[in-house]
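What the coordinates show
Below, each chain spelled out in residue letters.
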Amino acid sequence: MSDHRIGQLGSATSPARIIALVAKRELTTRARTKSFLISNAIILVLILGGIIAASVFTGAVDSHPKVGLVGSAATLSGALSASSGSIGKPLDISTQSSEATARSKVAAGDLDVALVSEGTGRYTAIVKKSMASELRSIIDSTVRQQAVSAALIAKGVDPVTLATSAASAGVTVQPIHPPDPNSDQRTALAFIAMLLMFFQILMFGLYVAMGVVEEKSSRVVEVLLATIKPLHLLWGKVLGIGAVGLLQLAAYGVVGLAAGMGTGLVTVTGLAVGVFASVLFWFILGFAFFAVSYAAAGSLVSRQEDVNSAATPITMVVMVGYVLAQVTLADPGGTVASVMSWIPPFSAMLMPLRIASGTTSPGQIVVSVVLMLLVTVALAKVAARIYERSVLHTGTRVSWREALHIGA
Amino acid sequence: MGTSGQQLQIEGLWKRYGDTVALQDMTFTVQPGELFGFVGSNGAGKTTTMRIALGVLSADSGHVHLGGRPIDLALRRRIGYMPEARGLYPKMKVGSQLSYLAQLHGLSAGEAADAVTSWTTRLGINNRVNDSVDALSLGNQQRVQLAAALVHDPDVLVLDEPFSGLDPVAVDVMSEVLAEKASHGVPVIFSSHQLDLVERLCHRVGIVVRGHMQECGTVGDLRAGGGTELVVQAPQASPGWADDVTGVVTASYGQGRTVLTVQPGSEDVVDQAVLAAALRTGPVHGFSRSQLSLSELFREVVAA
């Protein structure tokens, strides 16, 4: 019978199962707490509400100016939609049965402007208070164009022929750095990516440190380590807490993207999804790096109130990353951004920004990922050793110097 | 019975903390089915020995064997351990906590659930499984801690001060459980300062002094080594009356009351000689022969 049981033990206590058990406990005890569920529900509602509010504020929803044409002004319809369309500001054009109807609609806000023909190329624009200058210039130029065409026809010139022969003349603008039509959205996406990254890494990194100290201060760590290896406990904890962070990040991202696309605030769908995916991916790398460091920091102390001071050196590194991210955000293609985004762990924070701003190449992404992975694995080994040596030490705080010395 | 029925062997453990020697050549064996009491003053090295056996501390030298095999992680999983510093997740529910620990020891989720039900019932905390640990009284937390040591049906039990902080009812439950595990062939080692309890429960006792196993054996063996005590009440006897009786080792004279220890091995002859000598001094109101209690033995060993 004893052999039978030992046979069973092999699989029942494999490292993968132990790590999974530890991770599952971390995930369920954290994700099932009322405070966690409530705070996340509130944040998701805020994201949703914020995006809807932003889309209304920036006028992304139903933003086409409504133009009503009365009587013979209806002949402007084709020319108006053509010229407004050519500059990317489409109009919502309708024909109105009478001037009175048009006036009441303008007064009610159903129309932004009503155009009434006064004969021989003259029009009156009826507006509530004033006309937006952009809309005015569209209407002005269309009306003038119509008058010019009419005059040309009267002189026997075919406006179409004229337009064709004039088309080849003109100035072609050749920018050295062509402006990106989506740069506003790119910057916004990059900014959001940066904020999410920092919050998640700082918050969940501290959760790891606090989780380690919780086990030390409650002394349960001695029961655990009489049964499982310190490394398995460490990785289970990092994975479990990291999974919570990743799920939370994914939930924020999915809700944010869906709301952004639904309201028309985000039009660069492919880019947005790409940035979102890169944030998730780099979060995994960045979190792994900082989480093992935070675990080592947590193992140095025995009381929750000492966690922050032990974690200060790591938090400082995160803050340096934050400053670098601000620099990158201001100038994604600049020297600081392009140099620092190669260097772990800053690459985890800077690369999503540069991906969002479109200033990086697939080659750099691959190489910086590999570098980050290598450094994380090396750091995990050192951190795990510090953790192993310090986690059963109770009482006075172990200094970083001692921890690194015994770890060497 | 699993891998129980195996001998736990502690062999030549040494441990230093800086200049302090915590263990010096700590050696003893706990037989299958044996209840072994581990006694010693605070700081004598009991906890250090147990922590080394469980692998949470490493020895400078020496070995721990179970069933003749050096103890490793797989064997360690078969030990039930109750550390001196009690440790449980304070905010975790009793039931899920015990189930988690059982699964870490290799039980499936189903087996763990059964084990949790049976042990919490046995220890009288089955109505608290859905409460978080920190909502329980200290005594009940202690029961949960014992359940945590037993929930995976261990082949060896190592318990550091399992009786401290227990009410008399809980002491009885704990004693019963330990005796039962031992009767199933499990070697059980526990440390305690409650020497009357150790004397009552244990098959063998080890007395640790300054990191070394000073005395080890059955309580009977230790007593035999400690000798027999005679108390004589003879009011007219003058001090020194028993000094010349052959076989008397020590004698202390009080107000008509004399306490003597006699040479081990010849108690039955010497005590009659003492009685005869006492009668020669005048009336004898009391004469008794007693064996040393474990507490007295302990004091003697520690003082030596």
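The model shown is predicted, which means the values in this text are computed figures rather than measured ones.

Here we take up unusual backbone geometry. In terms of backbone geometry, most residues other than glycine have negative phi values and most peptide bonds are trans. Omega for the peptide link from P344 of chain A to P345 of chain A comes to -5°, which places this bond in the cis form. Among the structural elements, P345 of chain A can be located in the loop between helix 13 (335-340) and helix 14 (346-357). One non-glycine residue, D25 of chain B, adopts positive backbone phi at about 55°. Tracing the backbone through its elements, the reader meets D25 of chain B in strand 2 (residues 20-30). When its relative accessible area of 34% is taken as the criterion, D25 of chain B is described as partly exposed. In this structure, D153 of chain B takes a positive phi of about 50° despite not being glycine. Note that D153 of chain B resides in the loop between helix 5 (138-150) and strand 7 (156-160).

So, on to the environment of L247 of chain A. With respect to the helices and strands, the residue L247 of chain A is situated in helix 10 (residues 230-262). A residue is classified by how much of its surface remains accessible, and L247 of chain A, at 57% relative accessible area, is exposed.

Another aspect to go through is the sheet that holds strand 1 (residues 8-17) of chain B. Residues and elements named next belong to chain B. Read from one edge to the other, the open sheet built from four strands follows the order 2-1-4-5, with strand pairing classed as antiparallel. At either end of the open sheet lies a strand with only one pairing partner, and these are strand 2 and strand 5 (69-70). With seven bridges connecting them, strand 1 and strand 2 associate as antiparallel partners. Within the sheet, the bridge partner assigned to K15 lies in strand 2 and is L23. Strands strand 1, strand 2 and strand 4 (61-66) of the sheet are contacted by helix 1 (residues 46-53), whose axis makes an angle of about 115° with strand 1.

Glancing now at the confidence of the model for chain B. When pLDDT is averaged across chain B, the result is 88; 97% of the residues are at 70 or more. If you check the scores for this complex, the pTM reads 0.74 and the ipTM reads 0.79.

Taken as a whole and judged by the stated rule, the model has 19 salt bridges over all chains. Taking the shortest distance from any N to any O, the salt bridge between R51 of chain B and E222 of chain A comes out at 3.1 Å. Of this pair, R51 of chain B sits in helix 1 while E222 of chain A is found in helix 9 (residues 220-225), placing the two residues in two different chains. Each of the two residues, R51 of chain B as well as E222 of chain A, counts as buried. For R143 of chain B, the salt bridge is made with D167 of chain B, and the minimal N-O distance between the two is 4.0 Å. With R143 of chain B in helix 5 and D167 of chain B in the loop between strand 7 and helix 6 (168-183), this pair connects stretches of sequence that are 24 residues apart.

Thresholds applied
- Residues numbered from 1 in each chain as written.
- Chains lettered and ligands numbered in written order.
- Predicted model: local features only at pLDDT ≥ 70, side-chain atom pairs only at ≥ 80, totals over all residues.
- Heavy atoms only, no water.
- Helix = DSSP H or I, 4+ residues; strand = E, 2+ residues; numbered from the N terminus.
- Buried < 20%, exposed > 50% of the residue type's maximum accessible area, 1.4 Å probe, protein only.
- Pairing = 2+ DSSP bridges.
- Contact = heavy atoms within 4.5 Å.
- Axes fitted to C-alpha atoms, helices over the stretch in contact; angles between N-to-C directions.
- pLDDT = per-residue confidence, 0-100.
- Salt bridge = Lys/Arg side-chain N within 4 Å of Asp/Glu carboxyl O.

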